[in-house]
Amino acid sequence: MEQIITTVRGLDGALVLVPEPGGDFPELAWGDAFFYYAPDGQTPKNVQPYGTIVTKNYPDDAASDLDPPGRWRVNVHVDRATFQELTGEEPRSISRPRDYAAADSVMPHPVYGALGWICVVNPGERTTDTVVQLLRSAHEAARARFARRHEPEPA
């Protein structure tokens, strides 16, 4: 997990938030990580992170069985073509049953797959390189969106 966080922190313009006790984030988010493109170092407003790491089950998201010690999941927003390449399905047409608790396997996010999110529980030998590449691509897509939003108005 730390290797992935360190890698994302090294990307130009990356902002990695890891909420801890006593901060502004709700207790449920403590220990998780949220990845943004934010060259000014400020948490973007009205923008979702392009990737996250979660370290526990959430009330509406327990299929990955993240409560046992040492379990965590990387979540990355990808484009439609990448989603299809990785899963064999369209984001809005996910129908195959999956073991969302399986480790080191790329699959649709159990809750947000239809929105183009993929996930990997405990990335290992088979998936770590893929996860890092997906996060780099998601970071670049977030950078491009940021650039479009901040283009100067035509004169």
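In this text the structure is predicted, and so the values were computed from the model without any measurement.

Criteria and cut-off values
- Residues numbered from 1 in each chain as written.
- Predicted model: local features only at pLDDT ≥ 70, side-chain atom pairs only at ≥ 80, totals over all residues.
- Heavy atoms only, no water.
- Buried < 20%, exposed > 50% of the residue type's maximum accessible area, 1.4 Å probe, protein only.
- Helix = DSSP H or I, 4+ residues; strand = E, 2+ residues; numbered from the N terminus.
- Pairing = 2+ DSSP bridges.
- Phe/Tyr/Trp six-rings, centres within 6.5 Å; stacked < 30°, edge-to-face > 60°.
- Salt bridge = Lys/Arg side-chain N within 4 Å of Asp/Glu carboxyl O.
- Polar contact = N/O pair within 3.5 Å; in protein donor to acceptor, adjacent residues only side chain to side chain.
- Contact = heavy atoms within 4.5 Å.

**Topic: the pairing of strand E2 (residues 33–37)**
Moving on, step 1. In terms of burial, E2 is a largely internal element, five of the five residues being buried.
Moving on, step 2. Alternating residues of E2 divide into Ala33, Phe35 and Tyr37 and Phe34 and Tyr36, and every residue in both groups is buried.
Moving on, step 3. Sheet topology places strand E1 (residues 14–17) next to E2; four bridges connect them, and they run antiparallel. If you follow Leu17 over to E2, its bridge partner there is Phe34.
Moving on, step 4. Where E2 and strand E3 (residues 51–54) come together, three bridges link them in antiparallel fashion. Following the sheet pairing, Ala33 is matched in E3 by Ile53.

**Focus: the packing of aromatic side chains**
Moving on, step 1. All told, the structure shown has three aromatic pairs when counted by the stated rule.
Moving on, step 2. When the centroid spacing of 6.3 Å and the interplanar angle of 10° are considered together, the rings of Phe25 and Phe34 count as stacked.
Moving on, step 3. For Phe25, a relative accessible area of 34% gives the class partly exposed.
Moving on, step 4. For the pair Tyr37 and Phe146, a centre-to-centre distance of 5.3 Å together with 70° between the ring planes defines the contact as edge-to-face. Residue Tyr37 is located in strand E2, and its partner Phe146 is located in helix H3 (residues 128–149); the two are separated by 109 residues in the primary sequence.
Moving on, step 5. With a relative accessible area of 25%, Phe146 lands in the partly exposed category.

**Points about the pattern of salt bridges**
Moving on, step 1. In the structure shown here, the tally under the stated rule is seven salt bridges.
Moving on, step 2. Note that Arg73 is salt-bridged to Asp61, the shortest N-O span being 2.5 Å. Here Asp61 lies in the loop between E3 and strand E4 (73–77) and Arg73 lies in strand E4, a separation of twelve residues in the sequence.
Moving on, step 3. The exposure class assigned to Arg73 is buried, which follows from its relative accessible area of 1%.
Moving on, step 4. Of the charged contacts in the structure, one is a salt bridge between Glu140 and Arg143, with a shortest N-O distance of 2.6 Å. In this pair, Glu140 and Arg143 both sit in helix H3, three residues apart, roughly one turn of the helix.
Moving on, step 5. Exposure remark for Glu140: the relative accessible area of 39% places this residue in the partly exposed category.
Moving on, step 6. Salt bridges sharing common partners tie together Glu89, Arg96 and Arg98.

**Some remarks on the side chain of Asp32**
Moving on, step 1. Mapping Asp32 onto the fold places it in the loop between E1 and E2.
Moving on, step 2. A polar atom in the side chain of Asp32 sits 2.7 Å from the side chain of Thr55.
Moving on, step 3. At 2.4 Å, the side chain of Asp32 and the side chain of Tyr58 are in polar contact.
Moving on, step 4. If we ignore the near neighbours within four places in the chain, the residues touching Asp32 are Leu17, Val18, Pro19, Ile53, Val54, Thr55, Lys56 and Tyr58.

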